[in-house]
Amino acid sequence: MTNGGSAKGEVAVIGGGIAGLSAAVFLAEKGYRIRLYEASPKLGGRAYSFFDKDKGRFFDNGQHLLAGWYKDTIRYLKIIGSYDMLEFQERLRIDYLEKGQGMLSLSSTGLKPPANLLTGLLRFKGFDLKEKMKLFNLRKIMKNEAGTDGITAEDLLEAHGQSGNLRKYFWDPFILAVFNTEPRNVAASLLTDLLSGSMADSRGFTLVLPGKDLNKVFIEPAEHFLLDRNCEIHKSTRITGYDMDERMNYLTTDDTKMIFAEYYISALPFFGFSDVFGNRFGSGSEKLRTSSIVSVHLFLKHRIAGLPGDDLGMAGLIGTRTQWLFRKSDDHLSLVISGSDALGVTKMKNEEIAAMCISELASCLKGFEADNVSDFRVIKEKRATFIPDTESIKHRPSQRTEADNFFIAGDWTDTGLPSTIEGAVRSASVCAMMIDENSK
Ligand SMILES: Cc1cc2nc3c(=O)[nH]c(=O)nc-3n(C[C@H](O)[C@H](O)[C@H](O)COP(=O)(O)OP(=O)(O)OC[C@H]3O[C@@H](n4cnc5c(N)ncnc54)[C@H](O)[C@@H]3O)c2cc1C
């Protein structure tokens, strides 16, 4: 396939994570010629799969969970042809495991939003009557009439009486999963925007899992899509600088080549932007703090009958540092610890982390015994996301810059969303739209 002889301009995309790939895909689809430069030998950035020789199989660098509100991601996957690899919940359902408790399930109902979530929460057995009454503040929380300037999600929840079991079973696990940090580190405006956005659609809150390895869903189909359209993908090519001659702006590479293009999109991570661009374009990338995620895979000697988990095979753990359990198969469990540095987990040795997870799981999962574990893998991603606190959101740059042919994409740019795949794709979609408008 070719660009169809289109006269559309040439775009240099810097970085081949999800933001760079999706920006390239959106523009290639419109007939732009793309040259994508990725420093590492692989595409995917912070969302990738790697081959484990001992196990003879691929692993993701971390379990990625999406949701019905990931509209731009869904559009991206439809374009590259991997949308059918997603597994959707029919309705939101979360099963909780807790030491000394039976399993509790939270599920939304078939009503229109926000009544679907509200009635689901009202039926949840973990809340007492007083707490259920406080749930009627959900609309007030979303509407945010008192304003959210300078206040945290924690302040907002306190102001609306969201405490006790409401925090324990709903708000805290939800916020930690979406923002990868605790409510006190999250700007309230991000939470209210997210709630309003999710409530706009009856399936906004439903959870979605990639049904295959991340590479198969997000990366390889995009690479094929781009190569089929004669786009250039330069792996192992680090962009090292940006400058201007008397006519044009240009990029430089680590082998001192100069790259000229009509448009440029930086899709660098927040922790790599200033290495190339310094503090140009008003970005405060270096002011963003990182938050890590630890993933643990446990391989079992014997299958456990009747493993818990909703239709996606996942369950939340309450009262433990391990937060989520994913049933990969009957003898393979994957566990997630978000915000793991704040919990003191990232700095622990892999063996200690595995032992902690095994003991926590044994305390709340019936039928699971420590000596049933034959092997484990621990994956630490120290710079998984940025912390979206009230200060950081001031340093997220807009996708448009003072240079009319230079745009910034990435999960850390000002999308109003947390550091997620949807944030990355949304930012790319905005850049692509702006370039296309400029070209008219
Ligand atoms: C363990 C883990 C679990 C996660 N879980 C979820 C989840 O459940 N749901 C969710 O939505 N999100 C999740 N995320 C976050 C999500 O993966 C990221 O938000 C998203 O992948 C960021 O994409 P990006 O393209 O903006 O940045 P990146 O993925 O960081 O891509 C930037 C790219 O730029 C390249 N690069 C850097 N410097 C240069 C240079 N000088 N020249 C050329 N290229 C360069 C990098 O190599 C990289 O490929 C998770 C992340 C991790 C690590």
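Refer to the preceding data block for the structure.
Described in the following lines is the structure provided in the data block. (Residues numbered from 1 in each chain as written. Predicted model: local features only at pLDDT ≥ 70, side-chain atom pairs only at ≥ 80, totals over all residues. Heavy atoms only, no water.)

## Here's the deal with the overall build of the protein
Helix and strand counts for the protein come out as 12 helices and 20 strands. Relative to a compact globule of 440 residues, whose C-alpha radius of gyration would be 22 Å, the protein shows 22 Å and is just as compact. With the C-alpha coordinates aligned to their principal axes, the bounding extent of the protein is approximately 70 × 55 × 40 Å. Burial statistics for the protein: of 440 residues in total, 58% are counted as buried. Here the contacts in the protein between residues at least 6 apart in sequence split such that 67% fall between residues at least 24 apart. Of the roughly 18900 Å² that the protein leaves accessible, carbon and sulfur atoms contribute 49%. Averaging the positions of the 55 positive and the 57 negative side-chain charges in the protein gives two centres separated by 4 Å. (Helix = DSSP H or I, 4+ residues; strand = E, 2+ residues; numbered from the N terminus. Rg over C-alpha atoms; globule rule 2.2 N^0.38 Å. Buried < 20%, exposed > 50% of the residue type's maximum accessible area, 1.4 Å probe, protein only. Contact = heavy atoms within 4.5 Å. Areas by Shrake-Rupley, 256 points an atom, 1.4 Å probe, with all protein chains shown as cover. Lys, Arg positive; Asp, Glu negative; His and termini not counted. Charge placed at Lys NZ, Arg CZ, Asp CG, Glu CD.)

## Some words on the site of the ligand
The immediate surroundings of the ligand are formed by 34 residues, with Glu38, Arg46, Leu65, Tyr70 and Asp411 found nearest. Within the side chain of His64, an N or O atom sits 2.8 Å from an oxygen atom of the ligand. Separating an oxygen atom of the ligand from a backbone N or O atom of Thr420 is a distance of 3.4 Å. Residue assignment for the shell around the ligand shows that the elements contributing at least two residues are helix H1 (18-29), strand S19 (373-386) and helix H12 (421-439). Looking at the shell around the ligand, its residues break down into 16 nonpolar, 13 polar and five charged. When residues of the shell around the ligand are assigned to domains, at least three fall in each of domain 1 (10-84 + 211-288 + 394-439) and domain 3 (290-386). (Near = heavy atom within 4 Å. Polar contact = N/O pair within 3.5 Å; in protein donor to acceptor, adjacent residues only side chain to side chain. Nonpolar A, V, L, I, M, F, W, Y, C, P; charged D, E, K, R; others polar. Domains from an automatic or database assignment.)

## So, the pairing of strand S11 (residues 239-244)
By the bridge criterion, five bridges tie S11 to strand S12 (residues 249-253) in an arrangement that is antiparallel. Counted as the bridge partner of Gly241 is Thr252 from S12. Between the antiparallel neighbours S11 and S12 lie four residues. (Pairing = 2+ DSSP bridges.)

## As for the packing of aromatic side chains
Within this structure, the stated rule accounts for 28 aromatic pairs. With a centroid separation of 5.3 Å and an interplanar angle of 65°, the aromatic rings of Phe273 and Trp412 are classed as edge-to-face. Here Phe273, found in helix H10 (residues 273-277), pairs with Trp412, found in the loop between strand S20 (406-408) and H12; they are 139 residues apart in sequence, far enough to count as distant. Across this residue pair, the class does not change: Phe273 and Trp412 are buried. Site record: aromatic cluster; members linked through ring pairs are Tyr242, Tyr264, Phe273, Phe277, Phe281, Phe406 and Trp412. The positively charged end of Lys42 is found above the aromatic ring belonging to Tyr48, 4.0 Å away from the centroid. Note that Lys55 overlies the ring of Phe299, its terminal NZ or CZ placed 4.3 Å from the centroid. (Phe/Tyr/Trp six-rings, centres within 6.5 Å; stacked < 30°, edge-to-face > 60°. Lys NZ or Arg CZ within 6 Å of the ring centre and 35° of its normal.)

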